[in-house]
Amino acid sequence: MTDFGVPTVKMYHGLEIPQLGLGTYKVPPEEAQRVVEEGAEVGYRHFDTAQMYHNELEVGRGISASGLKRDEYFLTTKLDNGNHLPDDARRTFEKSLEDLQVDYVDLFLIHWPLPTLYDGNFIQTWETLQEFYEDGRARSIGLSNFLEHHIQPILDQCDVKPMVNQVESHPYMQIPELHAFHDKHQIVTEAWSPLARGDVVDDPVLTKVGEPYGKTASQVALRWALQRGDIVFPKSMHKERMRENFELFDFELTAEDMRAIQSLDQGDAGRRGSHPDTMDRL
Ligand SMILES: NC(=O)c1ccc[n+]([C@@H]2O[C@H](COP(=O)([O-])OP(=O)(O)OC[C@H]3O[C@@H](n4cnc5c(N)ncnc54)[C@H](OP(=O)(O)O)[C@@H]3O)[C@@H](O)[C@H]2O)c1
């Protein structure tokens, strides 16, 4: 539990992640310092960025300006698609640390598996991330947008098992099979776009579920993910919404509520982002 009442989830190697964080995708560099500082004021102690977001420098400045000590927050960044080859991964990981102004990140992820690029060789990339874990500059390492058939070769061939897989998941795309696969292999599920990029805010089912608790559809979607055991980091550039997205710990959804939300699943048709098997952009 963080000071602000956010529960944590323990990864298999013992490190804990605050279950709620602040996402920074599409937060432009000129806004990122302010957004992160405001997030820290609201109580966020977990920040999710990526080389691809081009805001690591400003996210780092926001954290520094907030006065948080290094052991008071959890920081994630991700390897960009053009940087999978070992020397590129090593060079750009160092640049991420420099931009973020830290000696280590709490979690470093391969952003996309890119099975159609690099001859599909993400084993080599994973082995490079293992170096960062072993030398302590990444306290945890994980995957993002990997499907079961991308993860299995890593489990079969590599020394360190992924601690996390960060994948698209929200009420319209609930990925029950991948979720079960993660659980079986002690991989923590991080749910990206937990608000379906903002599409849940007017959902009639979520709105109705929230009424007895005095909660919004967004709060219900986030609470549902937390009760599944997932890690979420909704993105907002507005402090009021950051606060709304933080107020999740004074109510609990019933089994009936959870079933009502389950009925919203559209499977793959609910996907907002790219498909991991065909995403091939550098
Ligand atoms: N690993 C990956 O490939 C990957 C992919 C996508 C995202 N992510 C991570 O996941 C994070 C979250 O995903 P996301 O940014 O795609 O989408 P999201 O968090 O599901 O939704 C963000 C959108 O919802 C709006 N919003 C937020 N809170 C709201 C509220 N309470 N009421 C109304 N609107 C609200 C935001 O607008 P305002 O900002 O204007 O408030 C923004 O347009 C990202 O920021 C990133 O850190 C990872």
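Residues numbered from 1 in each chain as written. Predicted model: local features only at pLDDT ≥ 70, side-chain atom pairs only at ≥ 80, totals over all residues. Heavy atoms only, no water.

1. A look at the pattern of salt bridges
Counted according to the given criterion, the structure contains 17 salt bridges. The residue Lys69 makes a salt bridge to Glu72 at a minimum N-O spacing of 3.9 Å. The exposed category is assigned to Lys69, whose relative accessible area is 54%. Note on Glu72: relative accessible area 34%, which makes it partly exposed. (Salt bridge = Lys/Arg side-chain N within 4 Å of Asp/Glu carboxyl O. Buried < 20%, exposed > 50% of the residue type's maximum accessible area, 1.4 Å probe, protein only.)

2. Remarks on the site of the ligand
Neighbouring residues of the ligand: 29 residues in total, closest Asp48, Ser144, Ser193, Ser236 and Arg241. Measuring from an oxygen atom of the ligand, one finds a side-chain N or O atom of Asp48 at 2.6 Å. With respect to the ligand, the backbone of Pro194 contributes an N or O atom lying 3.4 Å from an oxygen atom. For the ligand, whose accessible area on its own is 910 Å², the fraction buried by protein is 89%. Of the pockets mapped on this structure, the ligand occupies the largest pocket. Considering each element in turn, the shell around the ligand owes the most residues, 3 residues, to helix 9 (residues 239-246). Considered class by class, the residues forming the shell around the ligand number 11 nonpolar, 12 polar and 6 charged. (Near = heavy atom within 4 Å. Polar contact = N/O pair within 3.5 Å; in protein donor to acceptor, adjacent residues only side chain to side chain. Areas by Shrake-Rupley, 256 points an atom, 1.4 Å probe, with all protein chains shown as cover. 1 Å grid on protein atoms, 1.4 Å probe; cavity = no way out; pocket = protein on both sides within 12 Å on 5 of 7 lines; lining within 4 Å. Sits in = over half its atoms within 2 Å of the grid points. Helix = DSSP H or I, 4+ residues; strand = E, 2+ residues; numbered from the N terminus. Nonpolar A, V, L, I, M, F, W, Y, C, P; charged D, E, K, R; others polar.)

3. Notes on the nonpolar core
Soluble, globular proteins show a tendency: their nonpolar side chains are buried together. The biggest cluster of nonpolar side chains holds 85 residues, and the ones touching the most others in it are Phe47 and Val105. Broken down by element, the residue count for this core peaks at 7 residues, all from helix 8 (residues 217-227). Beyond its immediate chain neighbours, meaning those up to four positions away, Val105 contacts Arg70, Leu75, Thr77, Phe93, Leu97, Leu100, Arg137, Ala138 and Arg139. (Core = buried A, V, L, I, M, F, W, Y, C linked by side-chain atoms within 4.5 Å. Contact = heavy atoms within 4.5 Å.)

4. What to know about the side chain of Glu56
Residue position: Glu56 is located in helix 2 (residues 56-66). Buried Glu56, no salt bridge; nearest opposite-charge side chain is Lys95, N-O distance 6.8 Å. A distance of 2.7 Å separates a polar atom in the side chain of Glu56 from a polar atom in the side chain of Thr77. (Lys, Arg positive; Asp, Glu negative; His and termini not counted.)

5. A word on the packing of aromatic side chains
Inspection of the entire model under this criterion finds 9 aromatic pairs. Taking 6.4 Å as the distance between ring centres and 65° as the angle between the ring planes, the aromatic pair formed by Phe47 and Tyr73 counts as edge-to-face. You can see Phe47 sitting in strand 4 (residues 46-48) and its partner Tyr73 sitting in the loop between helix 2 and strand 5 (74-79), a full 26 residues away along the chain. Judged by its relative accessible area of 1%, Phe47 is buried. The class of Tyr73 is buried, set by a relative accessible area of 8%. Arranged with centres 5.2 Å apart and planes meeting at 65°, the rings of Phe122 and Phe146 form a pair that is edge-to-face. Highlighted residues: Phe122 in helix 4 (residues 122-134) and Phe146 in the loop between strand 7 (141-144) and helix 5 (148-157), separated in sequence by 24 residues. An aromatic cluster of at least three residues, connected via ring pairs, comprises Tyr44, Phe246 and Phe249. Just above the ring of Tyr104 sits the side chain of Arg70; from NZ or CZ to the centre is 4.1 Å. Across the ring face of Tyr104, the terminal group of Arg139 is positioned such that the distance to the ring centre comes to 3.8 Å. (Phe/Tyr/Trp six-rings, centres within 6.5 Å; stacked < 30°, edge-to-face > 60°. Lys NZ or Arg CZ within 6 Å of the ring centre and 35° of its normal.)

6. Examining a positive patch on the surface
A grouping of Lys26, Arg197, Lys235 and Arg241 is seen on the molecular surface, where their side chains present a positively charged patch. With respect to the secondary-structure elements, Arg241 resides in helix 9. (Patch = residues over 30% accessible without salt bridge, like charges linked within 9 Å, V, L, I, M, F, W, Y side chains within 5 Å. Charge placed at Lys NZ, Arg CZ, Asp CG, Glu CD.)

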